[in-house]
Amino acid sequence: MKNKWLQIALSVLSLGLAVLLVVYLPEIVRALTGKPVSWSEIGALFATLGGGEIALMTALWLLSLLSYTFVLTSSLPGLNNLQGLALNAAGSAVSNLLPFGGAVGVALSFAMTKGWGGSRAGRSW
């Protein structure tokens, strides 16, 4: 029961840090660069991207996710490419979106592989 409350507390703390980061990101940028920035300026910059640029960035992002599935399928025998893609995408999303999300991404990856029949010993995932 103690572990459950610790997980809840850490989740609430992580969510709070994420909200603070989003709210104060312009201030953090100003403090680091000395240049004032606002969310409207950030939005305006993203609005200048054309459809081709967005498509290219999306294609490169998907290609990078797909290319790493070969590492995952080689290191976890029995894992197929679709599972590797799901594992990479989910772990990366959590790790990149949450403050201190790396640990959560590793835990999610571990839980996903365990759910697919993996083991801690590494003999068979």
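Here the structure is a predicted model, which is why all the values come from computation and not from measurement. (Residues numbered from 1 in each chain as written. Predicted model: local features only at pLDDT ≥ 70, side-chain atom pairs only at ≥ 80, totals over all residues. Heavy atoms only, no water.)

### A look at the overall build of the protein chain
Turning to step 1, where the next piece is worked out: Secondary structure assignment for the protein chain yields five helices and zero strands.
Turning to step 2, where the next piece is worked out: Element order for the protein chain, N to C, with α for helix and β for strand: α-α-α-α-α.
Turning to step 3, where the next piece is worked out: Taken over C-alpha atoms, the radius of gyration comes to 19 Å for the protein chain, far larger than the 14 Å a tight globule of 125 residues would show.
Turning to step 4, where the next piece is worked out: C-alpha atoms of the protein chain, sized along the principal axes, occupy 55 × 45 × 20 Å.
Turning to step 5, where the next piece is worked out: Contacts in the protein chain between residues far apart in sequence, at least 24 positions, make up 30% of those at least 6 positions apart.
Turning to step 6, where the next piece is worked out: Of the accessible surface of the protein chain, which amounts to about 9200 Å², a share of 72% is contributed by carbon and sulfur atoms. (Helix = DSSP H or I, 4+ residues; strand = E, 2+ residues; numbered from the N terminus. Rg over C-alpha atoms; globule rule 2.2 N^0.38 Å. Contact = heavy atoms within 4.5 Å. Areas by Shrake-Rupley, 256 points an atom, 1.4 Å probe, with all protein chains shown as cover.)

### Things to note about the packing of helix 4 (residues 81-97) against helix 5 (residues 101-115)
Turning to step 1, where the next piece is worked out: For the pair helix 4 and helix 5, interaxial distance at closest approach is 7 Å and the crossing angle is 155°. Here helix 4 is positioned roughly antiparallel relative to helix 5, judged by the angle of their axes. The way helix 4 lies across helix 5 gives a crossing that is right-handed. Across from Ala86, Leu87, Ala90, Gly91, Val94 and Ser95 in helix 4, the residues of helix 5 making contact are Gly101, Gly102, Val104, Gly105, Leu108, Ser109, Met112 and Thr113.
Turning to step 2, where the next piece is worked out: Split by residue class, the contact of helix 4 with helix 5 holds seven nonpolar, seven polar and no charged. (Axes fitted to C-alpha atoms, helices over the stretch in contact; angles between N-to-C directions. Parallel < 35°, antiparallel > 145°, perpendicular 65-115°, else oblique. Left-handed = near helix turned anticlockwise from the far one by under 90°. Nonpolar A, V, L, I, M, F, W, Y, C, P; charged D, E, K, R; others polar.)

### Some words on the side chain of Thr73
Turning to step 1, where the next piece is worked out: Following the sequence through the fold, Thr73 ends up in helix 3 (residues 51-75).
Turning to step 2, where the next piece is worked out: Look at Thr73 and you get buried, because its relative accessible area is 19%.
Turning to step 3, where the next piece is worked out: Of the polar contacts made by the side chain of Thr73, one reaches the backbone oxygen of Phe70; its length is 3.2 Å.
Turning to step 4, where the next piece is worked out: For Thr73, the contacting residues outside a window of four places in its chain are Leu79, Asn80 and Asn81. (Buried < 20%, exposed > 50% of the residue type's maximum accessible area, 1.4 Å probe, protein only. Polar contact = N/O pair within 3.5 Å; in protein donor to acceptor, adjacent residues only side chain to side chain.)

### Topic: the side chain of Thr69
Turning to step 1, where the next piece is worked out: Mapped onto the elements of the fold, Thr69 is located in helix 3.
Turning to step 2, where the next piece is worked out: Setting aside residues no more than four positions away along its own chain, Thr69 makes contact with Asn81, Gly84 and Leu85.

### A closer look at the pattern of salt bridges
Turning to step 1, where the next piece is worked out: Across all of its chains, the model carries one salt bridge by this definition.
Turning to step 2, where the next piece is worked out: As a salt-bridge pair, Arg30 and Glu27 come within 3.0 Å of each other at their nearest N and O atoms. Residue Arg30 and its partner Glu27 are both found in helix 1 (residues 2-33); the two are separated by three residues, about one turn of the helix.
Turning to step 3, where the next piece is worked out: Overall, the relative accessible area of 38% leaves Arg30 in the partly exposed class.
Turning to step 4, where the next piece is worked out: The partly exposed category is assigned to Glu27, whose relative accessible area is 40%. (Salt bridge = Lys/Arg side-chain N within 4 Å of Asp/Glu carboxyl O.)

### Notes on helix 5
Since one α-helical turn is 3.6 residues long, residues separated by three or four positions face the same way.
Turning to step 1, where the next piece is worked out: A rise of 1.5 Å per residue sets the reference length of helix 5, with its 15 residues, at 21 Å; its end C-alpha atoms lie 21 Å apart and thus fit the reference within 8%.
Turning to step 2, where the next piece is worked out: Looking at helix 5, one finds that the buried residues are Gly101, Gly105, Met112 and Thr113. Each buried residue of helix 5 sits inside an arc of 110° when the element is viewed along its axis, so together they form one side. Facing away from the buried side of helix 5, by more than 90 degrees, are the exposed residues Ala103 and Val106.
Turning to step 3, where the next piece is worked out: Two residues or fewer past helix 5, Gly117 is found with a positive phi of approximately 105°. (Expected span 1.5 Å × (residues − 1). Arc of directions from axis to C-beta.)

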